[in-house]
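# Secondary and tertiary structure notes
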Amino acid sequence: MKKIFLIVLVLIANNLLAQKTQKLDSLFQKLSSSKEFNGNVLIAEKGKVIYKNSFGLANETSKEKLNENSIFELASVSKQFTAFAIVILKEKGKLKYDDKIGEILPQLSFYKNITVRNLLNHTSGLPDYMKILDSLLIDDTWDNKTKIANNKDILDAYEKYKPSLLFEPNEKWEYSNTGYAILASIIEKVSGKSYAEFLKTEIFEPLNMNNTFVYTRRLKPQNIKNYAFGYVYSDSLKTNQLPDSIKGLEYVHTLDGIVGDGAVNSTINDLLKWDRSLYTNKLVSKNGIDEIFKNAILNNGTKTGYGFGWKLEDNGLFGKLSYHSGSWPGYRTYIERHIDNDILIVMLQNNDNENIWYPTKQIRQIIYGISPTKYVTLNSNLLNKFSGEYEYKNGTIQKITVKDTSLSVLVYGDEMELKPISQNKFHLIGFSPDVFFEFYQSNNEIILKQTQPELKIDIEAKKK
């Protein structure tokens, strides 16, 4: 009897898995047919792949199709490898997180209070190197047709011009490509190896990530099998083009030699190996892993939502999440790890246009079996009853108006739609994570209750 019961449970589990796979495939087939997804996707639960597929071309000239071993430029998804290399060096005793960067790179000694940790957490206040180098191009310091910048050029430019900080270290959080480019230089200085060689020997080779490497295609072109060329849609030509040939994107050539904030190339299969390693202590200690996924805290006590190379979220529905996106002309990349539930989502795309996006919300709904929100129609009298100004406890006023068959609200200056899902509950359209507005009456007053289930936020306001 027990044996039959176990067989039934296995059949049910297999059926649920098949349903997930079918729904995921239906989602991506639809996105591909509408040109909203062009690339590779891999989704795994507890290390087991439940969905993997390729959509579109790797090379528009040869018409070579993408396959599961296609190699993509990761763009800013590279940052997690730069951060991990720093953790390795820290555990080897080569540096400390709170070392001043000027002690390691004397060229930057005039930045007296910036630490390695500030670079890792995006709390350094350093200005964007792209703007600094662009100013050199404008005044003809460089010939932008032949010059390709590298990390030394960044250090030299900052040493020469000494650009002011945007804010004092750890006073604010601001995403910084500069910080991660400088981290690559720190890796090279401390290890005595090139950034590419250090990542290869200390991370990629030990994890058998055989199709992952640092690649600067324009500086040092190679003939790479299964390479996914990145394309940008040209409005004037009405077709996909390599970004090198599009006016306004000359910087893809000029900045091609810079590593640390980008330049790692990989595959969906290798990123699964990477994900599995982060549940182990194969390369660094448990303390090292914990440090990577620890929320950075500003001087005023505010959590930044960022660790070492990963964005972090403690999600009310899905548990602890770590994720990162990447964007560079021709590429859109994304990796998301559900740490509590051991789920991995990887999407690598080699088309860059206004239609391309990451269907993370839909994927989560399928994986966790959550039904999409269903909407209803309400009469105008009820909608008018809910319109008006609502005041929160901190004095903030939120104005809600009627628009057609739904309500409208201003969010950060943008008008957004509130679509009804019941007689008194509305869903904020186009905002992530999901936000719901619920209206109810208490002591002859209309109360607005605003909730974000994923972030466990629940606040109320009274109608004036």
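Above this text you will find the structure in question.
First, a word on what this report is: a plain description of the structure on this page. (Residues numbered from 1 in each chain as written. Predicted model: local features only at pLDDT ≥ 70, side-chain atom pairs only at ≥ 80, totals over all residues. Heavy atoms only, no water.)

### Considering the sheet that holds strand 2 (residues 48–55)
Here 6 strands make up an open sheet; going across it, the order is 2-1-13-12-11-10 and the pairing antiparallel. Taken across any chain shown, the strands that pair with only one partner, and hence form the sheet edges, are strand 2 and strand 10 (311–315). If you compare each strand with its neighbour and ignore which way they point, the axes differ by 10 degrees on average. Sheet analysis places strand 10 next to strand 11 (residues 319–328), joined by 5 bridges and oriented antiparallel. Looking across to strand 11, one finds that Asn315 is bridged to Gly319. (Pairing = 2+ DSSP bridges. Helix = DSSP H or I, 4+ residues; strand = E, 2+ residues; numbered from the N terminus. Axes fitted to C-alpha atoms, helices over the stretch in contact; angles between N-to-C directions.)

### Some points on helix 10 (residues 268–277)
The element helix 10 is largely enclosed, with a buried count of 8 among its 10 residues. Residues of helix 10 that are buried include every one of Ile268, Asn269, Asp270, Leu271, Leu272, Trp274, Asp275 and Ser277, and no others. (Buried < 20%, exposed > 50% of the residue type's maximum accessible area, 1.4 Å probe, protein only.)

### So, the pattern of salt bridges
Under the definition given, this model contains 22 salt bridges. Residue Glu45 pairs with Lys20 through a salt bridge whose shortest N-O separation is 2.7 Å. Note that Glu45 is positioned in strand 1 (residues 39–45) and Lys20 in helix 1 (residues 2–33), a separation of 25 residues in sequence. Classification of Glu45 by relative accessible area gives partly exposed; the value is 22%. Here Asp244 makes a salt bridge to Arg217, at a shortest N to O gap of 3.5 Å. With Asp244 in the loop between strand 8 (239–241) and helix 9 (251–254) and Arg217 in the loop between strand 6 (213–214) and strand 7 (231–234), this pair connects stretches of sequence that are 27 residues apart. Its relative accessible area of 17% is what places Arg217 among the buried residues. Shared partners join several salt bridges into a network, and the residues in it are Asp98, Arg117, Glu291 and Lys294. (Salt bridge = Lys/Arg side-chain N within 4 Å of Asp/Glu carboxyl O.)

### Thoughts on the sheet that holds strand 7
The 3 strands lie next to each other as 8-7-14, forming an open sheet whose pairing is mixed. The sheet terminates laterally at strand 8 and strand 14 (351–352), the two strands that pair on one side only. Sheet topology note: the strand 7/strand 8 ladder contains 3 bridges and is antiparallel. Across the sheet, residue Tyr233 finds its bridge partner in strand 8, namely Asn240.

### Some thoughts on the environment of Glu159
Here Glu159 lies in helix 6 (residues 151–161). Glu159 sits in the partly exposed class, given a relative accessible area of 33%. C-alpha separation for the pair Glu159 and Ser109, spaced 50 residues apart in sequence, amounts to 8.8 Å. Leave out the neighbours within four places in its chain, and Glu159 touches Gln107 and Phe110. Within the structure, the side chain of Glu159 is placed 3.0 Å from the side chain of Gln107, a separation counted as a polar contact. (Contact = heavy atoms within 4.5 Å. Polar contact = N/O pair within 3.5 Å; in protein donor to acceptor, adjacent residues only side chain to side chain.)

### Examining the packing of helix 2 (residues 79–91) against helix 8 (residues 195–204)
Here helix 2 crosses helix 8 at 75 degrees, and the two axes come no closer than 10 Å. Overall, the two elements helix 2 and helix 8 adopt an arrangement that is roughly perpendicular. Across from Phe81, Thr82, Phe84, Ala85, Ile88 and Leu89 in helix 2, the residues of helix 8 making contact are Tyr195, Phe198, Leu199, Glu202, Ile203 and Phe204. (Parallel < 35°, antiparallel > 145°, perpendicular 65-115°, else oblique.)

### Brief notes about the pairing of strand 7
The pairing of strand 7 with strand 14 spans 2 bridges and is classified as parallel. Bridge assignment links Tyr231 to a residue of strand 14, and that residue is Asn351.

### Regarding the packing of aromatic side chains
Any two aromatic rings considered together are summarised by their centre-to-centre distance and by the angle between their planes. For the structure on display, the rule yields 23 aromatic pairs. Considering the side-chain rings of Phe81 and Trp274, the 4.4 Å spacing of their centres and the 40 degrees angle between planes classify their relative orientation as tilted. Here the residue Phe81 occupies a position in helix 2, and Trp274 occupies one in helix 10, the gap between them amounting to 193 residues. Between Phe110 and Tyr111, the ring centres sit 4.3 Å apart and the planes meet at 45 degrees, which makes this aromatic pair tilted. For Phe110, a relative accessible area of 25% gives the class partly exposed. In textbook terms, an aromatic cluster arises when at least three aromatic residues are bridged by ring pairs, as seen for Phe28, Phe37, Tyr51 and Phe55. Arg337 extends its terminal NZ or CZ atom over the ring of Trp310, reaching a point 6.0 Å from the ring centre. Its guanidinium or amino end placed over the ring of Phe436, Lys425 lies 5.0 Å from that ring's centre, counting from NZ or CZ. (Phe/Tyr/Trp six-rings, centres within 6.5 Å; stacked < 30°, edge-to-face > 60°. Lys NZ or Arg CZ within 6 Å of the ring centre and 35° of its normal.)

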